[in-house]
Amino acid sequence: HDALPIFEKDLKQELILDILTGNIKSQEELSIRSKLNGWKIKEDVTAVIFDLDEYKKKTVDLKESSGEIEVIKEKMFRNLKNDFLNAGMTFYTCQNSDSIIFLFEIDNSYLCNRDAVFKKVMQEATEKYGFTYTVGIGRTVNNISDVPISYTEAKEAVKIGRSMLGLGMIHEYKDLEL
């Protein structure tokens with residue numbers, strides 16, 4: 001009985017990963033798989049990565065119990081999602097071991113609330129949990145088939161932003177002078 005929510009979560013994660021990596025072969029496939037998840041994904045979206053700074057280093061260096069730090073990570077990721085939902089933002093998400101990837105629909109809620117909500121969640125991560133995020137934001141794309149471009153840009157923004165400017169900052173790909 002408990003397996004069903006996990007199964008549904010896996011299907012949703014798989015769909016988002018397939019969109020991010022360009023593994024969707026047609027608009028029809030996207031439409032069918034989105035409907036199965038109860039979604040109607042819009043065309044104007046952007047990829048945003050919240051990457052936990054030094055997460056892996058903390059688990060190894062501090063010999064912290066993996067279970068304990070996993071619980072903290074899950075709470076942090078849940079808080080992120082709740083803050084974005086409370087701001088009226090529409091998003092789809094999947095997780096890696098030390099990051100959470102969002103595909104935000106570009107609408108008024110996102111455009112009006114992004115800066116304030118991102119700032120709030122960054123502050124909460126530090127104050128409540130002692131972690132920082134480095135955030136990478138890809139450019140907005142108008143077609144789901146172009147999402148891998150935005151995702152690659154978000155990854156680059158995390159990597160380059162972190163190496164050039166340090167931890168705990170928000171970097172937009174379009175603002176990095178590459």
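Here's a quick rundown of the structure. Everything numeric here is computed off the predicted structure, so don't read it as measured data.

### Looking at the side chain of Thr93
Here is step 1: Structurally, Thr93 is set in strand S2 (residues 91-95).
Here is step 2: Since its relative accessible area comes to 17%, Thr93 is described here as buried.
Here is step 3: A distance of 3.0 Å separates a polar side-chain atom of Thr93 from the backbone oxygen of Ile101.
Here is step 4: Ignoring sequence-local partners within four residues, the contact set of Thr93 consists of Gln13, Ile16, Lys81, Ile100, Ile101 and Phe102.

### Observations concerning the environment of Asp83
Here is step 1: Within the secondary structure layout, Asp83 lies in helix H4 (residues 66-86).
Here is step 2: Along the chain, Asp83 and Val121 lie 38 residues apart, while their C-alpha atoms are 7.5 Å from each other.
Here is step 3: Discounting residues that sit within four places of it in the chain, Asp83 has contacts with Val117, Lys120, Val121 and Glu124.
Here is step 4: A polar contact is formed between the side chain of Asp83 and the side chain of Lys120, at a distance of 3.0 Å.

### As for the nonpolar core
Here is step 1: Within the largest apolar cluster, 25 residues are counted, with the highest numbers of intra-cluster contacts made by Phe50, Phe84 and Tyr133.
Here is step 2: Of all the secondary-structure elements, those providing two or more residues to this core are strand S1 (45-52), H4, strand S3 (99-105), helix H5 (108-129) and strand S4 (133-137).
Here is step 3: Take this core: its biggest share by element is six residues, from H5.
Here is step 4: If we ignore the near neighbours within four places in the chain, the residues touching Tyr133 are Phe50, Asp51, Leu52, Asp53, Met76, Phe77, Leu80, Val121, Met122, Ala125, Gly168 and Met169.
Here is step 5: Within the second largest apolar cluster, 21 residues are counted, among which are Ile41, Tyr92, Val147 and Val158.

### Section: the pattern of salt bridges
Side chains that differ in sign of charge can pair as their charged atoms come close.
Here is step 1: Summed over all chains, the structure comprises 13 salt bridges.
Here is step 2: As a salt-bridge pair, Asp83 and Lys120 come within 3.0 Å of each other at their nearest N and O atoms. Within this pair, whereas Asp83 is found in helix H4, its partner Lys120 is found in helix H5, the two being separated by 37 residues in sequence.
Here is step 3: Classification of Lys120 as partly exposed rests on a relative accessible area of 39%.
Here is step 4: Through salt bridges with shared partners, one network takes in Arg114, Asp115, Glu172, Lys174 and Asp175.

### Here we look at a nonpolar patch on the surface
Here is step 1: Side chains of Met164, Leu165 and Met169 sit close together on the surface and give an oily, nonpolar patch of about 300 Å² of accessible area.
Here is step 2: Assignment of secondary structure puts Leu165 in helix H6 (residues 147-165).

### Some words on helix H2 (residues 27-36)
Here is step 1: If you check which residues of H2 are buried, you get Leu30, Arg33 and Ser34. One side of H2 holds all its buried residues, which, seen down the axis, span an arc of 105°. Facing away from the buried side of H2, by more than 90 degrees, are the exposed residues Glu28, Lys35 and Leu36.
Here is step 2: Once H2 finishes, Gly38 follows within two positions and takes phi at roughly 75°, a positive value.

### Remarks on the environment of Lys174
Here is step 1: Take Lys174: it is sitting in the segment after strand S5 (170-172).
Here is step 2: Judged by its relative accessible area of 54%, Lys174 falls in the exposed class.
Here is step 3: Sequence spacing of Lys174 and Arg139 is 35 residues, and the spatial spacing of their C-alpha atoms is 6.6 Å.
Here is step 4: Here Asp175 takes part through its side chain, which lies 3.4 Å from a polar atom of the side chain of Lys174.

Each value, and the rule that gives it
- Residues numbered from 1 in each chain as written.
- Predicted model: local features only at pLDDT ≥ 70, side-chain atom pairs only at ≥ 80, totals over all residues.
- Heavy atoms only, no water.
- Helix = DSSP H or I, 4+ residues; strand = E, 2+ residues; numbered from the N terminus.
- Buried < 20%, exposed > 50% of the residue type's maximum accessible area, 1.4 Å probe, protein only.
- Polar contact = N/O pair within 3.5 Å; in protein donor to acceptor, adjacent residues only side chain to side chain.
- Contact = heavy atoms within 4.5 Å.
- Core = buried A, V, L, I, M, F, W, Y, C linked by side-chain atoms within 4.5 Å.
- Salt bridge = Lys/Arg side-chain N within 4 Å of Asp/Glu carboxyl O.
- Patch = residues over 30% accessible without salt bridge, like charges linked within 9 Å, V, L, I, M, F, W, Y side chains within 5 Å.
- Areas by Shrake-Rupley, 256 points an atom, 1.4 Å probe, with all protein chains shown as cover.
- Arc of directions from axis to C-beta.

Such coordinate-based values are descriptive only and should not be taken to indicate function.
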